[in-house]
Amino acid sequence: MDYDTIDADGFGRSLRGIGLNLLVRDVPAECAFLEAVFAMRSHQVTADFAIVTYGAQVFQLHSDGTYHANPLLGLLPENPPRGGGLEIRLYDSDPDRAVARAADFGATVLQAPTDKPHGLREAYILCDNGYAWVPSRPKDSA
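Rules used in this analysis
- Residues numbered from 1 in each chain as written.
- Predicted model: local features only at pLDDT ≥ 70, side-chain atom pairs only at ≥ 80, totals over all residues.
- Heavy atoms only, no water.
- Core = buried A, V, L, I, M, F, W, Y, C linked by side-chain atoms within 4.5 Å.
- Buried < 20%, exposed > 50% of the residue type's maximum accessible area, 1.4 Å probe, protein only.
- Helix = DSSP H or I, 4+ residues; strand = E, 2+ residues; numbered from the N terminus.
- Contact = heavy atoms within 4.5 Å.
- Phe/Tyr/Trp six-rings, centres within 6.5 Å; stacked < 30°, edge-to-face > 60°.

A. Main features of the nonpolar core. Phe33, Leu34, Phe38, Met40, Leu61, Ile125 and Trp133 are the most contacted members of the largest nonpolar core, which has 27 residues in total. Those elements that place two or more of their residues in this core are strand S1 (21-24), helix H2 (27-38), strand S3 (49-54), strand S4 (57-63), strand S5 (87-90), helix H3 (95-105) and strand S7 (120-126). Sort the elements by how many residues they give to this core and H2 lands first, with 6 residues. When neighbours within four sequence positions are excluded, phenylalanine 38 is seen to be in contact with Phe33, Leu90, Ser93, Ala98, Arg101, Ile125, Trp133 and Pro135. Counting residues in hydrophobic clusters, the runner-up holds 5 residues, among them Ile6, Phe11, Phe49 and Ile51.

Dropping the structure here:
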């Protein structure tokens, strides 16, 4: 599928399984963060919407304004962190590289890369919208 040219109807009809849609204050800024820190790709980026790909996975970003008639908008906190309690785990991202990129980007590193007892090396990085992005790899991967 060509995410750069597909129309909204075709994209919506193509979605299957479980989906992730993040509400953000600034779609282009969130795309810049995801591209710089995790080498994700952003498609059809506007002030209101973007399609984002991470390997073969796809998810969406929407601005708050696009949810003007959605009941979820009233639940969003006025002050950060907005994404409290949500971990977005990126199992194909090197935590050491992601933390270095996050530092260059000015993002908040909540936890430096750490070897965990469950077999993963992971870090916790907060974006400006308060979502916790967790780059993770098996401890023995390089």
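B. Highlighting the packing of aromatic side chains. Taken as a whole and judged by the stated rule, the model has 7 aromatic pairs. For the pair phenylalanine 11 and phenylalanine 49, a centre-to-centre distance of 6.5 Å together with 70° between the ring planes defines the contact as edge-to-face. Of this pair, phenylalanine 11 sits in helix H1 (residues 8-14) while phenylalanine 49 is found in strand S3, placing the two residues 38 residues apart along the sequence. Across this residue pair, the class does not change: phenylalanine 11 and phenylalanine 49 are buried.

C. Region of the structure containing the environment of leucine 61. Residue position: leucine 61 is located in strand S4. Residue classification places leucine 61 among the buried residues on the basis of a relative accessible area of 0%. With 34 residues separating them in the primary sequence, leucine 61 and valine 27 have C-alpha atoms 6.5 Å apart.

D. Layout of unusual backbone geometry. Phi angles above zero are rare outside glycine, and alanine 39 is one such case at about 55°. Given a relative accessible area of 56%, alanine 39 falls into the exposed group. For glutamine 44, which is not glycine, the phi torsion reads 50° and is therefore positive. The class for glutamine 44 is partly exposed, based on a relative accessible area of 30%.

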